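These are the residues of each chain, in order.
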Amino acid sequence: MCKALIIGAGGVGTVVTQKIAANPVFTEVMLASRTKSKCDAVAAAIGGNRVKTAQVDADSVAELCALFRAFKPDIVVNVALPYQDLTIMDACLECGCNYLDTANYEPKDEAHFEYSWQWAYQDRFKAAGLTAILGCGFDPGVTAIFTAYAAKHHFDEIHYLDIVDCNAGNHGMAFATNFNPEINIREVTQKGRYYENGKWVVTEPHEIHRPLNYPGIGERESYVIYHEELESLVKNYPTIRRARFWMTFGQEYLTHLRVIQNIGMARIDPIIYNGVEIVPIQFLKAVLPDPKSLGANYHGQTSIGCRIRGVKDGKERTYYIYNNCDHEAAFKETGTQAVSFTTGVPAALGASMWAKGLWRGAGVFNVEEFDPDPFLAELGPQGLPWHELFDVDIEV
Ligand code: NDP
């Protein structure tokens, strides 16, 4: 018996709720978010009174605790925004609930993400005998689980890790982001950062780029950006000499981003407009397309994976493990596009790993610290089949 509470009724929350509701390991399911009508719409589409709904402001520990005490969840799946990670973790500790999220904490007033804030909860989760699972989407999430699988089965030592994330889909809009616009623009306009020989190397945004070939897609210009799983992976796999994260961007997207930045619309500090305080990037989010609405006209695929170079039995080898996800297929199944789908499926699966007792422990864990095998055995059947290539040219 496992009661799951999902927080956040956006694109990702829609997929998580559908997948958790369809899994009999969860005896009771609730979706709570800032706007209850959005939860009700998701619950109604699932039907059968399977999903309860509630309104909650996840910035308030008191409101969260009132909800947790009423519903008594065993696990809380946080797919609201990274800003809410710490309040939800605090409420979990106060009420004795386990925790899972897909994105690491970010302070609202600083576009900066690192695990230190959440790793600082280690002793408290340990003392409470509760599990906190961090970063269980696709990236972070499956990319770290792919790395754990490679380390377990195919390498004695991983030396070079390149995570490659291609979205070759076309939604027909001049500019839109694939997940929450505010979080997405904060992420992709940051300075680049990668790990090499024990140090972090910082670059200008999008400074390092080159074309990479993606299976079933072809060549796409790919850019080194900072991504949070690099931080936990180099800690958990100390043989790694270099770890980078590559993401594809089209020229049109980059031009829009540059304009948005140049005219000040990416600013995260408040300004006064007509006597009212507004944050430009939050205003921008309000006028950009809702990522959840992109699905209907989205065609093409995403391809995300890990390209690894290292040593097995004294011999150098290369390895490429990846998933391709089709936007139209994702929309047909869940009514959302592939980015919400590739994030929501792993989050729901991670929660079921916990519910089945396969991923347990007292403390705060990144997903690569758990056994990758049962998770990857179910990832394909849940809609994200994965593939392996051995000793091929991995280009990087
Ligand atoms: P959306 O903006 O579509 O959804 C976020 C939801 O959270 C909204 O329903 C919003 O409510 C709700 N919310 C925001 N603030 C609060 C609050 N204070 N209290 C309660 N609810 C709140 O985002 P996505 O679904 O696209 O993304 C969800 C999460 O997934 C993000 O954290 C994102 O970073 C992460 N992500 C992770 C990926 C991965 O691979 N690891 C990839 C993509 C996303 P309202 O509807 O009222 O605005």
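Above: the structure in question.
An account of the accompanying structure is given in this report. Given the structure is predicted, the values throughout are model-derived calculations rather than measurements.

## Points about the overall build of the protein chain
Inference 1: Scanning the protein chain from terminus to terminus reveals 14 helices and 18 strands.
Inference 2: Over its C-alpha trace the protein chain gives a radius of gyration of 20 Å, about what one expects of a compact globule, namely 21 Å for 396 residues.
Inference 3: Taking all 396 residues of the protein chain together, 56% fall into the buried category.
Inference 4: Carbon and sulfur atoms form 50% of the exposed surface of the protein chain, whose accessible area is close to 15700 Å².
Inference 5: Measuring between centres, the 35 positive side-chain charges of the protein chain sit 3 Å from its 48 negative side-chain charges.

## Considerations on the side chain of Glu182
Inference 1: Turning to its location among the elements, Glu182 is positioned in helix H8 (residues 181-188).
Inference 2: No salt bridge is formed by the buried Glu182. Its closest oppositely charged neighbour is Arg186, at 4.4 Å.
Inference 3: Among the polar contacts listed, one links the side chain of Glu182 to the side chain of Tyr83, at a separation of 2.4 Å.

## Let's talk about the pattern of salt bridges
Inference 1: Scanning all chains against the criterion turns up 17 salt bridges.
Inference 2: Ionic pairing is found between Glu204 and Lys191, a salt bridge with its closest N-O pair at 3.0 Å. With Glu204 in the loop between strand S9 (199-203) and strand S10 (209-214) and Lys191 in the loop between H8 and strand S8 (192-196), this pair connects stretches of sequence that are 13 residues apart.
Inference 3: On the basis of relative accessibility, which here comes to 44%, the residue Lys191 falls in the partly exposed class.
Inference 4: Between Glu378 and Lys356 there is a salt bridge; the shortest N-O distance is 2.7 Å. Taken together, the positions of Glu378 in helix H14 (residues 372-379) and Lys356 in the loop between helix H13 (338-355) and strand S17 (363-366) put the pair 22 residues apart, joining distant regions of the chain.
Inference 5: According to the relative accessible area criterion, Lys356 is partly exposed, its value standing at 38%.
Inference 6: The network of salt bridges with shared partners includes Lys3, Glu28 and Lys52.

## Thoughts on the site of the ligand
Inference 1: By nearness alone, 28 residues border the ligand, and Arg34, Thr35, Lys38, Ala58 and Asn180 come closest of all.
Inference 2: Within the backbone of Phe138, a nitrogen or oxygen atom sits 3.0 Å from an oxygen atom of the ligand.
Inference 3: When the ligand is considered free in solution it has 930 Å² of accessible area, and contact with the protein chains removes 93% of it.
Inference 4: In terms of residue class, the shell around the ligand is made up of 13 nonpolar, 10 polar and five charged.

## Brief notes about the side chain of Arg244
Inference 1: With respect to the helices and strands, the residue Arg244 is situated in strand S12 (residues 242-248).
Inference 2: Within polar-contact distance, the side chain of Arg244 engages the side chain of Asp162 at 2.7 Å.
Inference 3: Apart from residues lying up to four places away in sequence, Arg244 is in contact with Leu161, Asp162, Ile163, Tyr194, Val224, Leu230 and Val396.

## A look at helix H10 (residues 251-262)
Inference 1: Between its first and last C-alpha atoms H10 spans 16 Å; for 12 residues at 1.5 Å apiece the expected length is 16 Å, and the two agree.
Inference 2: Those residues of H10 not exposed but buried are Tyr253, Leu254, Leu257 and Ile260. Mapping the buried residues of H10 onto a view down its axis gives an arc of 120 degrees, with all of them on the same face. Exposed side of H10, more than 90 degrees from the buried face: Gln251 and Asn262 are the residues found there.
Inference 3: Gly264 lies just past H10 and shows a positive phi near 85 degrees.

## Describing the packing of helix H12 (residues 327-334) against H13
Packed helices, taken two at a time, are described by the angle between their axes plus the distance between the axes.
Inference 1: Running from N to C, H12 and H13 point in directions that differ by 65 degrees, and their axes come no closer than 8 Å. When the axes of H12 and H13 are compared, the pair comes out roughly perpendicular. Crossing hand, H12 versus H13: left-handed. Residue-level inspection shows His327, Ala330, Glu333 and Thr334 of H12 in contact with H13, the latter providing Ala338, Val339 and Phe341.

## Digging into helix H1 (residues 11-21)
Inference 1: Burial within H1 is extensive, with 10 of its 11 residues counted as buried.
Inference 2: Looking only at H1, the buried set comprises Gly11, Val12, Gly13, Thr14, Val15, Val16, Thr17, Lys19, Ile20 and Ala21.

## Thoughts on the environment of Ala351
Inference 1: In this fold, Ala351 is placed in helix H13.
Inference 2: On the basis of relative accessibility, which here comes to 0%, the residue Ala351 falls in the buried class.
Inference 3: Expressed as a C-alpha distance, the spacing of Ala351 and Asn274, which sit 77 residues apart in the sequence, is 45 Å.

## Thoughts on unusual backbone geometry
Inference 1: Along the chain, Asp139 connects to Pro140 via a cis peptide bond; the corresponding omega equals 5 degrees.
Inference 2: Relative to the elements of secondary structure, Pro140 occurs in the loop between strand S6 (131-134) and helix H7 (142-153).
Inference 3: A positive phi angle, close to 55 degrees, is found at Lys72, a residue other than glycine.
Inference 4: Judged by its relative accessible area of 54%, Lys72 falls in the exposed class.
Inference 5: Although it is not a glycine, Asp313 adopts a positive phi angle of roughly 50 degrees.
Inference 6: Examined against the element boundaries, Asp313 turns out to sit in the loop between strand S15 (301-312) and strand S16 (315-326).

Basis of the calculations
- Residues numbered from 1 in each chain as written.
- Predicted model: local features only at pLDDT ≥ 70, side-chain atom pairs only at ≥ 80, totals over all residues.
- Heavy atoms only, no water.
- Helix = DSSP H or I, 4+ residues; strand = E, 2+ residues; numbered from the N terminus.
- Rg over C-alpha atoms; globule rule 2.2 N^0.38 Å.
- Buried < 20%, exposed > 50% of the residue type's maximum accessible area, 1.4 Å probe, protein only.
- Areas by Shrake-Rupley, 256 points an atom, 1.4 Å probe, with all protein chains shown as cover.
- Lys, Arg positive; Asp, Glu negative; His and termini not counted.
- Charge placed at Lys NZ, Arg CZ, Asp CG, Glu CD.
- Salt bridge = Lys/Arg side-chain N within 4 Å of Asp/Glu carboxyl O.
- Polar contact = N/O pair within 3.5 Å; in protein donor to acceptor, adjacent residues only side chain to side chain.
- Near = heavy atom within 4 Å.
- Nonpolar A, V, L, I, M, F, W, Y, C, P; charged D, E, K, R; others polar.
- Contact = heavy atoms within 4.5 Å.
- Expected span 1.5 Å × (residues − 1).
- Arc of directions from axis to C-beta.
- Axes fitted to C-alpha atoms, helices over the stretch in contact; angles between N-to-C directions.
- Parallel < 35°, antiparallel > 145°, perpendicular 65-115°, else oblique.
- Left-handed = near helix turned anticlockwise from the far one by under 90°.

Read these as spatial facts, not as claims about activity.
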